[in-house]
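Coordinate analysis (summary)
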Amino acid sequence: AVFFDVMGQYLETDSVVCADIGDNALWLASSLAAKRGQRFLSSEHLGIMGYSINSGIAASLSALHKANRTGGSVPKTLVVAGDGGIQMSLNELATMKDHGAKNVLVVVVVNARLGRVQNEAWGPRVRADGCHVGSPDFVKLFDAYSYPNGSTLSTSDPRIIAETIESGWHSAKQNGCCVIELHQDENVHPVMHKLTIKHRPSLVPWEYRNRNPGNESMFPAISIGLSPVARSNIKSWLGGLEKVVVLSSPMWLNRGDLFSEPPSEILEMLLASLPMGRDNETDQCFATSEDRDRFDSQYFAAFLNALPDDILAKEVNAKGTSNSHPLKLQVFACSKEFQFKLHAHPSVELVIPLVGELWERRLIGATMSAEHLKRSEDLPSPSTVDKFYEDPSDGEMARAKESLQSTMSTITSLGTEGRFVDRSQREGQVLYNSVGSIHQSYTKENGCLLLALWSGIHADIVDCGCCQGIEGASLFLP
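Overview of the structure. The structure presented is a predicted model; accordingly, all values stated were derived computationally and were not measured. (Residues numbered from 1 in each chain as written. Predicted model: local features only at pLDDT ≥ 70, side-chain atom pairs only at ≥ 80, totals over all residues. Heavy atoms only, no water.)

This part covers the overall build of the protein chain. In terms of regular secondary structure, the protein chain is built from 12 helices and 19 strands. Each of the 478 residues in the protein chain was classed as buried or not, and the buried ones make up 51%. For the protein chain, restricting intrachain contacts to residue pairs at least 6 apart in sequence, the fraction spanning at least 24 positions comes to 85%. Accessible area for the protein chain stands at about 22500 Å²; split by element, carbon and sulfur atoms hold 50% of it. (Helix = DSSP H or I, 4+ residues; strand = E, 2+ residues; numbered from the N terminus. Buried < 20%, exposed > 50% of the residue type's maximum accessible area, 1.4 Å probe, protein only. Contact = heavy atoms within 4.5 Å. Areas by Shrake-Rupley, 256 points an atom, 1.4 Å probe, with all protein chains shown as cover.)

Our focus in this paragraph is the packing of helix α9 (residues 263-272) against helix α10 (residues 289-306). Packed helix pairs are characterised by how far apart their axes lie and by the angle those axes make with each other. Two numbers describe how α9 lies on α10: the axes approach to 8 Å, and their chain directions differ by 100°. Overall, the two elements α9 and α10 adopt an arrangement that is roughly perpendicular. Residues Pro263, Ser264, Glu265, Leu267 and Glu268 of α9 touch α10, and the partners they reach there are Arg292, Phe295, Asp296, Tyr299 and Phe300. Along the lines of polarity and charge, the residues of the contact of α9 with α10 split into five nonpolar, one polar and four charged. (Axes fitted to C-alpha atoms, helices over the stretch in contact; angles between N-to-C directions. Parallel < 35°, antiparallel > 145°, perpendicular 65-115°, else oblique. Nonpolar A, V, L, I, M, F, W, Y, C, P; charged D, E, K, R; others polar.)

Its volume calculated, the second largest pocket comes out at about 340 Å³. Looking at the lining of the second largest pocket, the element that brings in the most residues is helix α1 (residues 2-7), giving three residues. Residue composition of the lining of the second largest pocket, grouped by class: nine nonpolar, five polar and one charged. (1 Å grid on protein atoms, 1.4 Å probe; cavity = no way out; pocket = protein on both sides within 12 Å on 5 of 7 lines; lining within 4 Å. Points joined across faces, edges and corners; volume = space filled by probe spheres on them.)

On to a negative patch on the surface. Residues Glu242, Glu337, Glu357 and Glu445 make up a contiguous surface patch of negative charge. Mapped onto the elements of the fold, Glu357 is located in the loop between β13 (349-356) and β14 (358-364). Here Glu357 falls in the partly exposed class, since its relative accessible area comes to 31%. (Patch = residues over 30% accessible without salt bridge, like charges linked within 9 Å, V, L, I, M, F, W, Y side chains within 5 Å. Salt bridge = Lys/Arg side-chain N within 4 Å of Asp/Glu carboxyl O. Lys, Arg positive; Asp, Glu negative; His and termini not counted. Charge placed at Lys NZ, Arg CZ, Asp CG, Glu CD.)

Looking now at the sheet that holds strand β5 (residues 151-153). Across a sheet, paired strands are connected by hydrogen bonds in the backbone, their directions being either parallel or antiparallel. Taken in spatial order, the six strands line up as β2-β1-β3-β4-β6-β5 in an open sheet, and their pairing is parallel. On the outer flanks of this sheet lie β2 (39-41) and β5, each paired with one strand and no other. The average angle at which neighbouring strand axes cross in this sheet is 20°, direction not considered. By the bridge criterion, three bridges tie β5 to strand β6 (residues 177-183) in an arrangement that is parallel. The residue bridging Thr152 from the neighbouring strand is Glu181, located in β6. On top of the sheet, helix α2 (residues 23-31) reaches β1 (16-19), β3 (77-82) and β4 (104-110); it is set at about 135° to β3, its chief contact. (Pairing = 2+ DSSP bridges.)

Another point: the sheet that holds strand β19 (residues 459-460). Taken together, the five strands give an open sheet; going across it, the order is β15-β14-β17-β12-β19, and neighbouring strands pair in antiparallel fashion. Because the sheet does not close on itself, it has two edges, and the strands there are β15 (419-425) and β19. In this sheet, β15 lies alongside β14 in antiparallel orientation, the contact comprising seven bridges. Of the residues in β15, the one forming a bridge with Arg362 is Val421.

The next thing to look at is empty space enclosed by the protein. By the definition in use, this model includes two cavities of 30 Å³ or more. Looking at the largest cavity, its volume works out to about 110 Å³. Surrounding the largest cavity, 13 residues form its lining, Glu349, Val351, Ser441, Leu450 and His458 being those nearest its centre. Elements represented by at least two residues in the lining of the largest cavity include exactly β13, β17 (438-442) and β18 (448-454). With three residues, β18 is the largest single contributor of residues to the lining of the largest cavity. Per-class residue counts for the lining of the largest cavity are eight nonpolar, four polar and one charged.

The subject of this paragraph is the packing of aromatic side chains. Evaluation of the coordinates by the stated rule reveals eight aromatic pairs. Pairing Phe286 with Phe295 gives two aromatic rings, centres 5.2 Å apart and planes at 45°, and the pair type is tilted. Ring pairing ties together the aromatic residues Phe286, Phe295, Tyr299 and Phe303, which thus form one cluster. (Phe/Tyr/Trp six-rings, centres within 6.5 Å; stacked < 30°, edge-to-face > 60°.)

Along the chain, Thr77 falls in strand β3. On the accessibility criterion, Thr77 (0% relative accessible area) is buried. Contact partners of Thr77, with chain neighbours within four places excluded, come to Val16, Cys18, Gly56, Ala59, Ser60, Asn103, Val104, Leu105 and Trp169.

With that settled, consider the nonpolar core. Residues Leu267, Phe295, Leu329 and Leu449 are the most contacted members of the largest nonpolar core, which totals 43 residues. Core analysis: the next-biggest nonpolar cluster, separate from the first, contains 25 residues, Phe3, Leu32, Ala162 and Leu182 among them. (Core = buried A, V, L, I, M, F, W, Y, C linked by side-chain atoms within 4.5 Å.)

Here the focus is the pairing of β1. On β1, burial covers both faces: Val16 and Cys18 on one face and Val17 and Ala19 on the other are all buried. Inspection of the sheet shows β1 paired to β2 by three bridges, in the parallel sense. Residue pairing in the sheet places Val17 in a bridge with Phe40 of β2. For the crossover that starts at β1, traverses α2 and ends in the parallel β2, the hand is right-handed. (Right-handed = clockwise from strand over helix to strand, strands pointing away.)

In this section: the packing of helix α3 (residues 51-70) against helix α4 (residues 92-99). Interaxial distance between α3 and α4 falls to 10 Å at its minimum, and their mutual angle equals 10°. Judged on the interaxial angle alone, α4 and α3 are roughly parallel. Where α3 abuts α4, its residues Ile53, Asn54, Ile57 and Leu61 lie against Glu92, Leu93, Thr95, Met96 and His99. When the residues that make up the contact of α3 with α4 are grouped by side-chain class, the tally is five nonpolar, three polar and one charged.

Our next topic: the pairing of β3. Extensive coverage of β3 is indicated by the burial of six of its six residues. Side chains Thr77, Val79 and Ala81 project from β3 onto one buried face, and the interleaved Leu78, Val80 and Gly82 project onto a second face that is buried too. Bridge count between β1 and β3: four bridges; the pairing is parallel. Bridge pairing in β3 links Val16 to Thr77. Sheet topology places β3 next to β4; six bridges connect them, and they run parallel. By the bridge assignment for β4, Ala81 is matched with Val108. Traced from β3 through α4 to β4, the parallel crossover comes out right-handed.

This is how it looks when you write it as structure tokens:
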């Protein structure tokens with residue numbers, strides 16, 4: 001436990017931690033203090049031993065590709081595995097060497113047993129049948145793959161641990177990879193804390209909950225980091241708008257490129273398409289390169305935190321769609337005292353205020369059927385193999401909107417379940433709208449600039465009288 005407590009001091013906010021399966025993962029999870037912006041890769045409930053070295057290679061090569069493109073340094077990749085798990089993937093050290101992975105530190109927790117299997121099935125400190133694991137000298141083994149300067153550690157002295165970790169990272173930076181063979185005290189074992197259902201509020205959908213009076217979101221706010229000049233120019237331009245929403249050019253996600261370009265570059269491209277005028281142009285959007293990198297990492301993290309795994313993997317990233325609707329990234333410039341119509345969301349949406357504050361009146365505890373909000377016609381077929389679909393034309397979007405409104409016009413009542421709440425969304429806060437969720441966004445005395453992932457259309461509720469009977473409906477009713 002002392003080792004990973006010290007290790008946390010040597011990891012930066014852009015570091016990637018790759019955890020294997022077993023006691024090693026429990027030591028890591030219970031003792032390593034995470035920092036905002038870090039990425040943690042694990043096979044979680046799949047129980048794949050040997051996973052960490054493979055994910056570490058992928059993480060390092062991805063970081064190396066970004067560093068080569070941007071001219072930055074290669075972030076640290078920490079790989080943690082047990083002596084049982086790592087021996088299932090040792091051959092991948094050749095892959096790591098062949099592809100030139102950089103700045104990878106591998107920590108092998110040596111306890112001469114399959115710790116989780118033994119502790120769960122037999123109990124700690126019992127030499128259980130089939131759980132003993134023999135190990136090679138990992139320092140010599142890594143050296144054979146041309147990864148020198150490995151260390152063996154069997155102490156809880158923080159000073160010695162710190163020196164060993166510092167030396168390991170230095171060698172990893174110089175040679176691509178280094179190993180620390182960490183020997184576990186045979187009389188010490190980690191405890192797996194198990195939660196019962198009553199301790200798992202995450203089982204309750206976010207839409208069924210309410211924020212506290214401080215309007216705290218379940219998702220961490222991201223750091224926007226706009227330069228003072230850019231922010232001042234945007235606020236000045238927003239102040240001149242009169243009860244209108246101005247949209248940037250869209251970036252349709254029809255190439256599966258959600259994570260292929262830095263969000264900071266996408267944002268600058270979208271801002272450049274807004275008609276701000278010469279006096280309000282934003283040549284330099286972010287104050288520093290650190291602000292730019294921080295925005296990129298935290299925006300990616302917002303996607304991974306907010307979007308459900310199945311929707312992100314099977315729809316958003318795999319098809320560029322949600323609930324059959326195409327998705328795009330777009331900037332909204334909302335003037336002061338503007339309000340959208342009360343509407344349902346035909347697709348998922350992810351909205352982040354960049355400048356200013358957004359307000360919403362949200363129905364919590366009830367949603368519309370996703371099936372009723374699906375697109376009525378197929379997306380335009382792609383002309384090239386590198387696209388999921390062609391950019392929808394204005395006419396196609398208008399027909400999709402008309403079809404949705406035809407469905408919405410038949411609604412006479414939303415029932416009586418749930419309740420409407422009125423709440424704010426401050427700069428950098430992440431607002432996730434699931435399919436079928438219902439709300440009305442609006443601004444007050446100041447305008448607001450938003451970055452949104454959305455389908456381009458809303459299912460507007462024609463007559464707010466259908467809210468009659470829902471708690472809080474007085475927000476809409478005369």
